[in-house]
Amino acid sequence: TTEITNISGFPQSATLTVTAGSLLVVEFCYLNSPGDAVVTDNNGGTWTKDKTISSGNVPNARVSVFSCPNAAAGSTDITVTPTGSGTWRAKIREFSGVQTSAGYVDQSSSNSDDTTSAPTATPSPGLTIPAGALVITTWMFDRSPTPSGPTGWTGAAFASGDAYSAYKIFAGSGSGERGAITSSATHYDAAMVVFKAAGG
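Quick caveat, the model's predicted, so the values are computed rather than measured. Residue indices follow the written sequence of each chain, beginning from 1 at its first position. pLDDT decides what is reported in this predicted model: residues at 70 or higher carry local features, side-chain atom pairs at 80 or more are listed and counted, and totals for whole chains, interfaces and linings draw on all residues regardless. Excluding hydrogens and water, the side-chain values take into account all heavy atoms of the structure.

Here we look at the sheet that holds strand E6 (residues 62–68)
Each pair of strands is called paired provided DSSP finds at least two bridges between the two strands. Numbering of helices and strands starts at the N terminus; helices are DSSP runs of H or I of at least 4 residues and strands are runs of E of at least 2. One open sheet holds the 5 strands; their spatial order is E1-E8-E3-E6-E5, and the pairing between them is antiparallel. Each of the sheet's edge strands pairs with one partner strand only, and the pair in question is strand E1 (2–8) and strand E5 (48–53). Averaged over all pairs of adjacent strands, the angle between strand axes in this sheet comes to 15°, irrespective of strand direction. Bridge analysis of strand E3 (residues 23–31) against strand E8 (residues 87–95) gives 9 bridges, and the strand direction is antiparallel. The partner of Tyr-30 across the bridge, within E8, is Trp-88. Axes here refer to lines fitted to C-alpha atoms; in helices the fit is confined to the stretch in contact. Angles between the N-to-C directions go from 0 to 180 degrees.

Topic: the side chain of Thr-138
With respect to the element layout, Thr-138 can be found in strand E12 (residues 134–141). On the accessibility criterion, Thr-138 (0% relative accessible area) is buried. N or O atoms within 3.5 Å of each other form a polar contact, as long as, within protein, one can give a hydrogen and the other can take it, and as long as residues adjacent in sequence are counted only when both atoms are side-chain atoms. At 2.5 Å, the side chain of Thr-138 forms a polar contact with the side chain of Glu-27. Any two residues having at least one pair of non-hydrogen atoms within 4.5 Å are treated as being in contact. Not counting the four nearest positions on each side in its chain, Thr-138 is found in contact with Glu-27, Cys-29, Val-63, Val-65, Tyr-164, Asp-189, Ala-190 and Ala-191. Between buried and exposed lies partly exposed: a residue is buried under 20% and exposed over 50% of the maximum accessible area for its type, with that area taken using a 1.4 Å probe on protein chains only.

A look at the environment of Ser-148
Note that Ser-148 resides in the loop between E12 and strand E13 (154–157). Its relative accessible area of 39% is what places Ser-148 among the partly exposed residues. The spatial distance from the C-alpha of Ser-148 to the C-alpha of Ala-166 is 9.9 Å, given a sequence separation of 18 residues.

Let's talk about the packing of aromatic side chains
Working definition: rings of Phe, Tyr and Trp (its six-membered ring) pair if their centres are within 6.5 Å, and the pair is stacked with planes under 30 degrees apart, edge-to-face with planes over 60 apart, and tilted otherwise. The full count for this structure, using the stated rule, is 6 aromatic pairs. On the numbers, 5.1 Å between centres and 75° between planes, the contact of Phe-95 with Tyr-167 is edge-to-face. Of the two residues, Phe-95 sits in strand E8 while Tyr-167 sits in strand E14 (residues 163–169), which places them 72 residues apart along the sequence. Among the aromatic side chains, those forming a connected cluster through ring pairs are Phe-28, Tyr-30 and Trp-88. In our convention, an over-ring charge means Lys NZ or Arg CZ found within 6 Å of a ring centre and within 35 degrees of that ring's normal. Here the basic side chain of Lys-91 rests over the ring of Phe-158, its NZ or CZ set 5.0 Å away from the ring centre. For the cation-ring pair, Lys-168 lies above Phe-170, with the distance from its terminal atom to the ring centre recorded as 4.5 Å.

A few points about unusual backbone geometry
If you check the backbone angles, Asn-6 has positive phi at about 55° while not being a glycine. Summarising the element assignment, Asn-6 is placed in strand E1. Positive phi is not limited to glycine here, since Asn-70 has a value of about 50°. Here Asn-70 lies in the loop between E6 and strand E7 (74–82).

A few points about the sheet that holds strand E2 (residues 12–18)
Read from one edge to the other, the open sheet built from 3 strands follows the order E2-E7-E4, with strand pairing classed as antiparallel. Bordering the open sheet on either side are E2 and strand E4 (37–41), each of which pairs with just one other strand. Along the sheet, successive strands turn relative to each other by an average axial angle of 20°, direction set aside. With 5 bridges connecting them, E4 and E7 associate as antiparallel partners.

Laid out in C-alpha cells, this is it:
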C-alpha cells in the first residue's frame with residue numbers, strides 16, 4: 001500500500017513495482033472541493049472509476065474508488081490528477097488473485113449519514129458477496145472520529161485521520177455484508193466495491 005496524503009489541488013504520482021496480472025486500486029478522498037480525479041499510469045493501464053459518492057453530508061467532499069485490472073509488470077508511476085482545488089488524499093493498493101477480464105467488478109454500493117448521532121458507518125445496504133471476492137471499502141468523515149474497522153477486515157485510517165480504508169477477501173460467501181465500522185459520531189460518505197476472484 002502506498003499513500004498520498006495532504007495534497008492540495010495538483011497532480012501527484014507514486015511508483016509501484018507491479019506484478020503482472022495484478023489489480024491496482026486507488027481510493028480517492030477529496031476535501032473542500034466538489035471535484036473528483038482522473039487516474040492514469042505510464043505502463044499502459046486502463047483505469048475505471050468503479051464507485052463515487054458526494055452526498056453533501058460531508059461538506060464539499062467526495063469518495064471515489066478507481067481500478068486497473070490485469071496490470072503490466074514492472075515499475076509503474078500511478079498519477080492522480082484532481083479536477084478541483086481542495087485538499088485530497090489517496091491510497092494505492094495492489095492485489096493478486098482477481099479476475100483480469102472484462103466484468104471483473106461484481107457490484108458496488110455507497111451510503112452516507114447527515115446526522116452525528118449514530119456511531120456506526122455502513123457503506124452498503126447489504127451486499128451478498130461471492131466466495132473468493134475482494135471487497136474494498138472507503139469512508140470520508142467531517143472530523144477525525146478514530147474509527148475501528150469491521151471484524152475480519154484489514155483496515156487503517158489515512159494519515160490525515162479524516163478518511164478510512166479497509167479490505168477483505170471472502171473465504172466463503174457474505175450474505176448481506178455491510179462492512180460497518182465503529183467510530184465516534186460523525187457525518188460520513190462511504191463507498192464499497194466488490195471485485196471477482198480469478199476464475200469467478
